[in-house]
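A structural walkthrough
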Amino acid sequence: MGAAMCKLSDKVGQHVRKKSTGCKYACHTACRDKVALDCHPPVLPVSQDQLNNNNTPLHDVEKERELRTEFSKEEIWQRIEQYNLLTKDHLKMTLGAGGVYTGFIKVQMDLRRPMTVQGSQTRAGEAFYLPQGVSNTLHVSSKTTVKEVIVGLLSKFTVADNPAKYALYKRYRREEQVYTCKLADAEKPLFLRLVAGPDPDLLSFVLKEQQTGEVMWDAFSIPELKNFLRILEKEEQEQKDAVIRRYETYRQRLQEALLEVRGPS
């Protein structure tokens, strides 16, 4: 009887209705107490985009950290204190009274072309290859730029080459991947070191030749170009000698094989 009254009252225009938030079942307000439902709100599937969005705050924080180019004096002091506690090679940073801090950076020399030495008359203009894996430590300040670091490295090795031939790269690790990125001339390597911390696996610096796709021959002097020709001639002769030795070995083995087939005469 109660259900029939509900339907009749709905037809005559009493539109006050109640809808379940779970199964969306609708009934008249006066009949709500007479209806028993066992429903639950539907569980909406989680999309892949929603799962990916869970990492968005972390990504934004990381991006914001990378975009920071300066800190307040209090932040610098706190970071230097933390940096000095974590460093294991005793190359600590020091904060000066004016807010400028100093410290050390290690740079790996990953150079493939010969370098021209300056200095004594006996070695002036001589080109040489730097051994692979050589690294150097520089004492720099928070105001030292990438360009100044390159000049300082070349000076320590008494290299007479134009600094514009070289570029400083940062090598960093993220999510088990290692990336290499060229630094702009105006960037401050010590600031990057402070932000990343002392762990070289998280950040390291590498000096390389400029990768412009083509050799900048105009940047080389006449003595340097002559040195390159001498080096190429030397490498060419070494390749020729290696080919000659290889074919002499083949010839000797063929002659030995012929003797075995023919037998002693």
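Below is a short write-up of the structure. (Residues numbered from 1 in each chain as written. Predicted model: local features only at pLDDT ≥ 70, side-chain atom pairs only at ≥ 80, totals over all residues. Heavy atoms only, no water.)

**What to know about the overall build of the protein**
Tallying secondary structure elements over the protein gives 7 helices and 10 strands in all. Within the protein, the proportion of its 265 residues that are buried is 26%. Carbon and sulfur atoms make up 54% of the accessible area of the protein, which totals about 19300 Å². (Helix = DSSP H or I, 4+ residues; strand = E, 2+ residues; numbered from the N terminus. Buried < 20%, exposed > 50% of the residue type's maximum accessible area, 1.4 Å probe, protein only. Areas by Shrake-Rupley, 256 points an atom, 1.4 Å probe, with all protein chains shown as cover.)

**What about the pattern of salt bridges?**
A full pass over the atoms with the stated rule returns 4 salt bridges. A salt bridge links Arg112 to Asp110; its shortest N-O distance comes to 3.1 Å. Residues Lys240 and Glu236 are paired through a salt bridge, measuring 3.7 Å at the closest nitrogen-oxygen approach. Residue Lys240 and its partner Glu236 are both found in helix 7 (residues 222-262); the two are separated by 4 residues, about one turn of the helix. Among the residues examined, Lys240 registers a relative accessible area of 45% and is labelled partly exposed. A residue is classified by how much of its surface remains accessible, and Glu236, at 44% relative accessible area, is partly exposed. (Salt bridge = Lys/Arg side-chain N within 4 Å of Asp/Glu carboxyl O.)

**A few points about the packing of aromatic side chains**
What the rule picks out here adds up to 3 aromatic pairs. When the ring of Phe71 is compared with that of Phe191, the centres are 5.4 Å apart and the planes differ by 35°; the resulting orientation is tilted. In this pair, Phe71 sits in the loop between helix 3 (56-67) and helix 4 (73-86) while Phe191 sits in helix 6 (residues 189-196), placing the two residues 120 residues apart along the sequence. Looking at Phe71, the relative accessible area reads 12%, which means it is buried. Assessed through its relative accessible area of 11%, Phe191 is described here as buried. (Phe/Tyr/Trp six-rings, centres within 6.5 Å; stacked < 30°, edge-to-face > 60°.)

**Structural notes on unusual backbone geometry**
Here the phi dihedral of His90 falls at roughly 65°; this positive angle occurs in a residue that is not glycine. Tracing the sequence through the fold places His90 in the loop between helix 4 and strand 3 (94-95).

**Observations concerning the side chain of Asp110**
Turning to its location among the elements, Asp110 is positioned in the loop between strand 4 (101-109) and strand 5 (115-116). Here Arg112 takes part through its side chain, which lies 3.1 Å from a polar atom of the side chain of Asp110. The contact partners of Asp110, leaving out residues within four places of it in the chain, are Gln132, Val206, Leu207, Lys208 and Glu209. (Polar contact = N/O pair within 3.5 Å; in protein donor to acceptor, adjacent residues only side chain to side chain. Contact = heavy atoms within 4.5 Å.)

**Overview of the pairing of strand 9 (residues 177-182)**
In terms of strand pairing, strand 8 (residues 166-174) meets strand 9 through 6 bridges, oriented antiparallel. Within strand 9, the position partnered with Lys170 by the bridge is Cys181. Count of turn residues in the strand 8/strand 9 antiparallel hairpin: 2 residues, of which Glu175 carries a positive phi of about 50°. (Pairing = 2+ DSSP bridges.)

**Considering a nonpolar patch on the surface**
Among the surface-exposed residues, Val243, Tyr247 and Tyr250 lie close enough to one another that they form a single nonpolar patch of about 290 Å² accessible area. Considering the arrangement of structural elements, one finds Val243 in helix 7. The partly exposed category is assigned to Val243, whose relative accessible area is 34%. (Patch = residues over 30% accessible without salt bridge, like charges linked within 9 Å, V, L, I, M, F, W, Y side chains within 5 Å.)

**Comments concerning the environment of Thr249**
Position of Thr249 among the secondary structure elements: in helix 7. The class of Thr249 is partly exposed, set by a relative accessible area of 32%. Looking at Thr249, its side chain comes within polar contact range of the main-chain oxygen of Arg245, at 2.9 Å.

**Regarding the pairing of strand 8**
Two elements, strand 8 and strand 10 (residues 203-209), share 7 bridges in a ladder whose sense is antiparallel. Directly across from Ala167, in strand 10, lies its bridge partner Lys208.

**What about helix 6?**
Burial analysis of helix 6 places 7 of its 8 residues in the buried class, which makes it a mostly covered element. By the burial criterion, the buried members of helix 6 are Pro189, Leu190, Phe191, Leu192, Arg193, Leu194 and Val195. The positive-phi residue at the C-terminal boundary of helix 6 is Gly197, with phi of around 90°.

**Things to note about helix 5 (residues 146-156)**
Every buried residue of helix 5 is accounted for by Val146, Val149, Ile150, Leu153 and Leu154. The arc enclosing the buried residues of helix 5, seen along the axis, measures out at 130°, which places them on a common side. At its buried positions, helix 5 is contacted by strand 4, strand 5, strand 7 (135-141), strand 8, helix 6 and strand 10. At the C-terminal side of helix 5, Thr158 shows a positive phi close to 50°. (Arc of directions from axis to C-beta.)

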